[in-house]
Amino acid sequence: MPELPEVEVVRRGLAEHVVGHIVESVLVKHPRSVRRHDLGGDDLAARITGLRVRSACRRGKFLWLTFDEPDTALVVHLGMSGQMLVQPADAPLEKHAHIVAGLDDGAQLRFVDQRTFGGWALNRLVTVDGDELPESVAHIARDPLDPRFDTEAVVARIRAKSTEIKRILLDQTVVSGIGNIYADEALWRAGIHGERIAATLTRPALRQVLADVRIVMGEALDAGGTSFDALYVNVNGNSGYFERSLAAYGREDRPCRRCGAPIRREKFMNRSSYSCPRCQPKPRRR
């Protein structure tokens with residue numbers, strides 16, 4: 001699933017190619033892609049046709065467009081394989097293009113989703129802590145790249161929890177934008193095993209983890225994100241190349257870039273965790 005850097009790459013592409021343009025038509029080709037919009041595809045299409053896109057926004061992994069219609073947001077769920085592509089109208093339609101929106105410059109904004117886990121939905125905008133957010137995103141915490149991210153407040157929240165640090169990093173209500181890839185990468189950089197109990201970590205250690213999250217995400221953003229297959233691409237269809245720089249995630253049995261020990265893979269929350277057995281020793285069982 002795309003994490004903060006991948007979603008931010010898409011957001012920037014939408015800001016460049018879609019913001020300021022009028023939606024002239026919307027064709028919903030697959031009902032699953034609008035299942036989160038209670039009134040269905042015809043209602044969604046009718047309500048955004050004729051509107052000008054005002055902004056492309058993001059919080060953590062969550063992406064939405066706003067319009068010149070007050071209080072209206074189009075929340076885009078990318079799911080496991082969702083893509084927001086900007087294509088010429090005469091370009092061949094992708095096999096899994098489930099929503100096609102025509103823009104006033106002749107281009108099309110296409111939602112392509114092979115696995116149909118994602119989709120579009122209209123939400124009312126609400127004000128939370130001074131920010132305009134869609135109702136469905138209002139509970140999501142700020143992410144480490146947010147200018148108003150409060151490191152000390154987040155450290156205090158983390159230290160109050162008697163559960164694994166990786167589990168907390170994946171909790172989007174504590175700190176948003178972090179998924180499996182960047183949690184493993186940040187913990188490797190900090191030299192902390194993901195099963196360490198948060199309450200046992202010092203404030204400086206937690207500050208370091210959050211700093212490493214910010215650094216690794218910034219590096220991934222500069223590289224266009226992490227692409228393991230053709231499912232994650234930017235609005236022009238290009239893949240990111242941060243996979244080449246990963247130090248832990250997906251590198252089972254390959255040498256640690258710091259000490260040379262083979263990277264280990266372990267089960268964690270129905271997914272895989274990657275860490276160095278030497279640089280990130282497992283905590284003793286309680």
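The numbers attached to residues start from 1 for each chain and follow its sequence in the written order. Note on the predicted model: pLDDT of at least 70 is required for a residue's local features to be given, and 80 or more for side-chain atom pairs to be given and counted; whole-chain, interface and lining totals, by contrast, use all residues. Values shown for side chains rest on all heavy atoms present in the structure; no hydrogens or waters enter the calculation.

Here a strand pair is declared whenever DSSP counts at least two bridges between the two strands. Comment: elements are numbered from the N terminus, with helices defined as DSSP H or I runs of at least four residues and strands as E runs of at least two. With respect to topology, four strands assemble into an open sheet ordered 1-6-7-5, the strand pairing being antiparallel. Only two strands of the sheet have a single partner each, and these edge strands are strand 1 (23-28) and strand 5 (82-88). The sheet shows a mean angle of 20° between the axes of neighbouring strands, direction not considered. Inspection of the sheet shows strand 5 paired to strand 7 (residues 107-113) by seven bridges, in the antiparallel sense. Counted as the bridge partner of Gln 83 is Val 112 from strand 7. Under this scheme, a helix contributes an axis fitted over its contacting stretch, all axes are lines through C-alpha atoms, and angles between N-to-C directions fall in the 0 to 180 degree range.

Below, the discussion takes up empty space enclosed by the protein. With a 1 Å grid laid over protein atoms only, a set of points is called a cavity when a 1.4 Å probe fits there but cannot get out and a pocket when it is open yet has protein on both sides within 12 Å along at least five of seven lines; lining residues have an atom within 4 Å of a point. Grid points are joined across faces, edges and corners, and a volume is the space filled by probe spheres set on the points. This structure, assessed with the given rule, holds two cavities of 30 Å³ or more. The space that makes up the largest cavity amounts to roughly 90 Å³. Only Asp, Glu, Lys and Arg are considered charged, only Ala, Val, Leu, Ile, Met, Phe, Trp, Tyr, Cys and Pro nonpolar, and every remaining residue, Gly among them, polar. A breakdown of the residues in the lining of the largest cavity according to their chemical character gives three nonpolar, five polar and five charged. Estimated volume of the second largest cavity: approximately 40 Å³. If you go around the second largest cavity, the residues you meet are Val 23, Ile 48, Val 53, Leu 65, Phe 67, Leu 74, Ala 101, Leu 109 and Trp 120. Residues that form the lining of the second largest cavity fall into these classes: nine nonpolar, no polar and no charged.

Further remarks concern the nonpolar core. We define the nonpolar core as a collection of buried residues of types Ala, Val, Leu, Ile, Met, Phe, Trp, Tyr and Cys that are connected through side-chain atoms lying within 4.5 Å of one another. Burial classes follow relative accessibility: with a 1.4 Å probe on protein chains only, a residue under 20% of its type's maximum area counts as buried, one over 50% as exposed, and anything between as partly exposed. Residues Ile 158, Ile 165 and Leu 169 are the most contacted members of the largest nonpolar core, which totals 40 residues. When residues of this core are traced back to their parent elements, those giving at least two are helix 3 (151-159), helix 4 (165-169), helix 5 (180-190) and helix 6 (203-222). Among the nonpolar cores identified, the runner-up in size contains 33 residues, and Val 7, Val 18, Ile 99 and Tyr 232 belong to it.

It is worth spelling out the pairing of strand 10 (residues 264-268) at this point. Side chains Arg 264, Glu 266 and Phe 268 of strand 10 all project onto a buried face; the interleaved residues Arg 265 and Lys 267 project onto a face where none is buried. In this antiparallel pair of consecutive strands, strand 10 and strand 11 (residues 271-275), the connection spans two residues, and Met 269 shows a positive phi of 55°.

Note that Arg 142 resides in the loop between strand 9 (131-134) and helix 3. With relative accessibility at 11%, the residue Arg 142 sits in the buried group. Within 3.5 Å is the distance limit for a polar contact, defined as a pair of N or O atoms, with the added protein rule that one can donate a hydrogen and the other accept it, and that residues adjacent in sequence qualify only through two side-chain atoms. Among the polar contacts listed, one links the side chain of Arg 142 to the side chain of Asp 146, at a separation of 3.0 Å. Ignoring sequence-local partners within four residues, the contact set of Arg 142 consists of Arg 59, Asp 129, Asp 131, Arg 148, Phe 149, Val 175 and Ser 176. It only takes one pair of heavy atoms within 4.5 Å for two residues to be counted as in contact.

Attention shifts here to the sheet that holds strand 8 (residues 119-128). Spatial ordering of the open sheet is given by 2-3-4-8-9, a layout of five strands whose pairing is antiparallel. This sheet does not close on itself; its edge strands, each paired only once, are strand 2 (53-59) and strand 9. On average, each strand axis in the sheet is inclined to that of its neighbour by 35°, with strand direction left out of account. Two elements, strand 2 and strand 3 (residues 62-67), share six bridges in a ladder whose sense is antiparallel. By the bridge assignment, Ser 55 is partnered in strand 3 with Thr 66. Helix-sheet contacts for helix 2 (residues 40-48) involve strand 3, strand 4 (72-77) and strand 8, and the interaxial angle to strand 8 is about 60°.

In this section: the environment of Val 209. Relative to the helices and strands, Val 209 is located in helix 6. Given a relative accessible area of 1%, Val 209 falls into the buried group. Between the C-alpha atom of Val 209 and that of Ile 192, which follows or precedes it by 17 residues, the distance is 8.3 Å.

Glancing now at the pattern of salt bridges. Here, a salt bridge means any side-chain nitrogen of Lys or Arg that lies within 4 Å of a carboxyl oxygen of Asp or Glu. One pass over the full model with this rule turns up 21 salt bridges. We note a salt bridge from Glu 135 to Arg 124, for which the minimum N-O separation is 2.8 Å. Of this pair, Glu 135 sits in the loop between strand 9 and helix 3 while Arg 124 sits in strand 8; the two residues are eleven residues apart in sequence, bridging distant segments of the chain. In this structure Glu 135 comes out as partly exposed when scored by relative accessible area, which is 41%. According to the relative accessible area criterion, Arg 124 is partly exposed, its value standing at 46%. Of the charged contacts, one joins Asp 131 and Arg 142 as a salt bridge, the two residues approaching to 2.7 Å between their closest N and O atoms. Of this pair, Asp 131 sits in strand 9 while Arg 142 sits in the loop between strand 9 and helix 3, and the two are eleven residues apart along the sequence.

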